Amino acid sequence: MPVRSSHPVRALTLARSNVEQVCVISCSCPSNLVHRTMPNIKVFSGSSHPDLASRIVDRLGIDLGKVVTKKFSNLETCVEIGESVRGEDVYIVQSGSGEINDNLMELLIMINACKIASASRVTAVIPCFPYARQDKKDKVRTQSRAPISAKLVANMLSVAGADHIITMDLHASQIQGFFDIPVDNLYAEPAVLKWIRENIVEWRNSIIVSPDAGGAKRVTSIADRLNVEFALIHKERKKANEVASMVLVGDVKDRVAILVDDMADTCGTICHAADKLVEAGATKVYAILTHGIFSGPAISRINNACFEAVVVTNTIPQDGHMKDCSKIQCIDVSMMFAEAVRRTHNGESVSYLFSNVPY
């Protein structure tokens, strides 16, 4: 209890002393203790990536919210929120991986359940945004009679009741414009730079390579921060997931080539790119990807390819992939999402995370 005094001068001195003590205690508290005092916040996990959600709440120093998800016999999704969310700032962690359609529907139902239970704000934390590759009409497809499914997903999230979206490395940053609600698109770049400096001994003699022209901006940013050169590969597709031809633009001879991309699905592109780089004289080839989807023949292709390592983040669960392929390594980005949640909850800027990894 603070000491009180009836004498006005003495009371003022004691008040200042108490304030100073509180300030010293607040400043000297470890960050995890400060996080434990975060009021009015609930974090729930969908079924797509519970490990990432657990890492986020561990970093925040709070408990994961209680939620039960199940399916009826006709495969309809049922969600039961197991605690009150009235007036709370709610965050729902659900990645666009695995059974994407089921997980997306589960996310929509969870958002709506929290919204109609009087949550003050509902934020969808979607590390890997589903349908992000369907962001425009493609002239290669049947005379442009193709959907813009990323816009449809954006509409569904908004209609379900989401007030805010937190995601990472959108396939096309313009997808943010599909929403009429705030979207924080975090970047894996700071974590990638940290991994390169700590794990590639010859990184100063490296060259950053984009496997397609669309990733040029991404590789130039990384190359500038490492003060190395960059190259890109021009590819032509006849149809989805099938590369017709590749042309290397840049000199990789006697250098360590680091392929950087936002995602890899069947891995046909990066494996062809790796072969092209070795033919051009690269001494070693690394691949660094934000979203390692690895569907179909991806794992067998990586095992047979000439990579030193294929590095991915844990926006998608990677434990099974790492067991099947020793070349796959994982960067933990849970601290970036946790810090984004903390800053959003406290009304702070998240732009710090665009160029720094929170420790």
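About the thresholds
Every chain begins its residue count from 1, and numbering advances along the sequence as written. Side-chain atom pairs in this predicted model are given and counted only at pLDDT of 80 or more, local residue features only at pLDDT of at least 70, and totals for whole chains, interfaces and linings cover all residues. Values reported for side chains reflect all heavy atoms of the structure, with hydrogen atoms and water molecules removed beforehand. Under the DSSP-based scheme used, a helix requires at least four consecutive residues in state H or I and a strand at least two consecutive residues in state E, with every element numbered from the N terminus. Only heavy atoms enter the contact rule, under which two residues are in contact if any of them lie within 4.5 Å. Whenever a nitrogen or oxygen atom comes within 3.5 Å of another N or O atom, the pair is scored as a polar contact, on the condition that within protein one atom can donate a hydrogen and the other can accept it, and that pairs from neighbouring residues in sequence are kept only if both atoms are in side chains. As a per-residue measure, pLDDT tells how confident the predictor is, with possible values from 0 to 100. Two strands qualify as a pair provided DSSP detects at least 2 bridges between them. Note on geometry: axes are lines fitted to C-alpha atoms, helical ones only across the stretch in contact, with angles between N-to-C directions running from 0 to 180 degrees. Expected helix span is computed as 1.5 Å times (number of residues minus one). To sort residues, take the accessible area from a 1.4 Å probe on protein chains only and compare it with the maximum for the residue type: under 20% means buried, over 50% means exposed, and anything in between is partly exposed. Each C-beta atom gives one direction from the helix axis, and the arc is the one those directions make. When two cysteine sulfur atoms are found within 2.5 Å, that pair is recorded as a disulfide. The criterion for an aromatic pair is that two Phe, Tyr or Trp rings (for Trp, the six-membered ring) have centres within 6.5 Å, with stacked assigned to planes under 30 degrees apart, edge-to-face to planes over 60 apart and tilted to the rest. As used in this record, nonpolar core signifies buried Ala, Val, Leu, Ile, Met, Phe, Trp, Tyr and Cys residues forming a set joined through side-chain atoms within 4.5 Å.

When helices and strands are counted, the chain shows eleven helices and 14 strands. Restricting the contact set of the chain to residue pairs at least 6 apart, pairs at least 24 apart contribute 61%.

Turning to its location among the elements, serine 84 is positioned in the loop between strand 3 (77-81) and strand 4 (89-93). A sequence separation of 42 residues divides serine 84 from lysine 42, and the C-alpha atoms of the two residues are 9.4 Å apart. At 3.4 Å, the side chain of serine 84 forms a polar contact with the backbone nitrogen of arginine 86.

So, about unusual backbone geometry. Leaving glycine out, the prevailing phi sign among residues is negative, and the prevailing peptide bond configuration is trans. In the Ramachandran plot, asparagine 40 falls in the positive-phi region, its phi being about 55 degrees despite a non-glycine side chain. For asparagine 40, the position within the fold is in the loop between helix 2 (31-36) and strand 1 (41-45). Here the phi dihedral of tyrosine 131 falls at roughly 65 degrees; this positive angle occurs in a residue that is not glycine.

For the rest of this paragraph, the subject is the confidence of the model for the chain. With 86% of its residues at a pLDDT of 70 or more, the chain shows a mean pLDDT of 87. Low pLDDT (under 50) marks residues 1-36, which in the prediction has 16 contacts with non-local residues, meaning those over four places away or in another chain.

Moving on, we come to the sheet that holds strand 6 (residues 164-168). Ordered by their spatial adjacency, five strands build an open sheet running 1-4-5-6-7, and the pairing between neighbours is parallel. Lying at the two open borders of the sheet, with one neighbouring strand each, are strand 1 and strand 7 (183-186). Going from strand to strand, the sheet's axes swing by 15 degrees on average, the running direction of each strand aside. Across four bridges, strand 5 (residues 121-126) lies against strand 6 in parallel orientation.

Moving on, we come to helix 5 (residues 149-160). Along its twelve residues, helix 5 runs 16 Å from first to last C-alpha, staying within 8% of the 16 Å computed at 1.5 Å per residue. Within helix 5, burial applies to Ser149, Ala150, Val153, Ala154, Leu157 and Ala160. What you see down the axis of helix 5 is that its buried residues fit within an arc of 150 degrees, all on one side. In this structure, the buried side of helix 5 is in contact with helix 4 (100-116), strand 5 and strand 6. Backbone geometry just downstream of helix 5 places glycine 161 in the positive-phi region, at approximately 125 degrees.

Every other side chain in a regular strand lies on the same face of the sheet, so the side chains alternate between the two faces. Judged from the five bridges that link them, strand 2 (residues 67-71) and strand 3 form a sheet pairing that is antiparallel. In the sheet register, threonine 69 faces strand 3, and the bridge partner there is valine 79.

This next bit is on the state of the cysteines. Inspection of every chain in the model, using the stated rule, returns zero disulfides. Of all cysteine sulfurs in the structure, the one in cysteine 267 sits closest to cysteine 271, which takes part in no disulfide; the separation is 5.6 Å. Using a relative accessible area of 7% as the deciding quantity, one classes cysteine 271 as buried.

Scanning the entire structure with this criterion turns up three aromatic pairs. Ring centres of phenylalanine 129 and phenylalanine 179 lie 6.0 Å apart, and the angle between their planes is 80 degrees; this geometry places the pair in the edge-to-face category. Here phenylalanine 179 lies in the loop between strand 6 and strand 7 and phenylalanine 129 lies in the loop between strand 5 and helix 5, a separation of 50 residues in the sequence. What makes phenylalanine 129 buried here is its relative accessible area of 5%. The buried category is assigned to phenylalanine 179, whose relative accessible area is 7%. Pairing tyrosine 187 with phenylalanine 354 gives two aromatic rings, centres 5.4 Å apart and planes at 75 degrees, and the pair type is edge-to-face.

Membership of the largest hydrophobic core comes to 46 residues, with the highest contact counts inside it found for Ile196 and Ile208. At six residues, helix 11 (residues 334-345) tops the list of elements feeding residues into this core. Grouped together as the second largest cluster of nonpolar side chains are 31 residues, Ile111, Ile126, Ala132 and Phe178 included.

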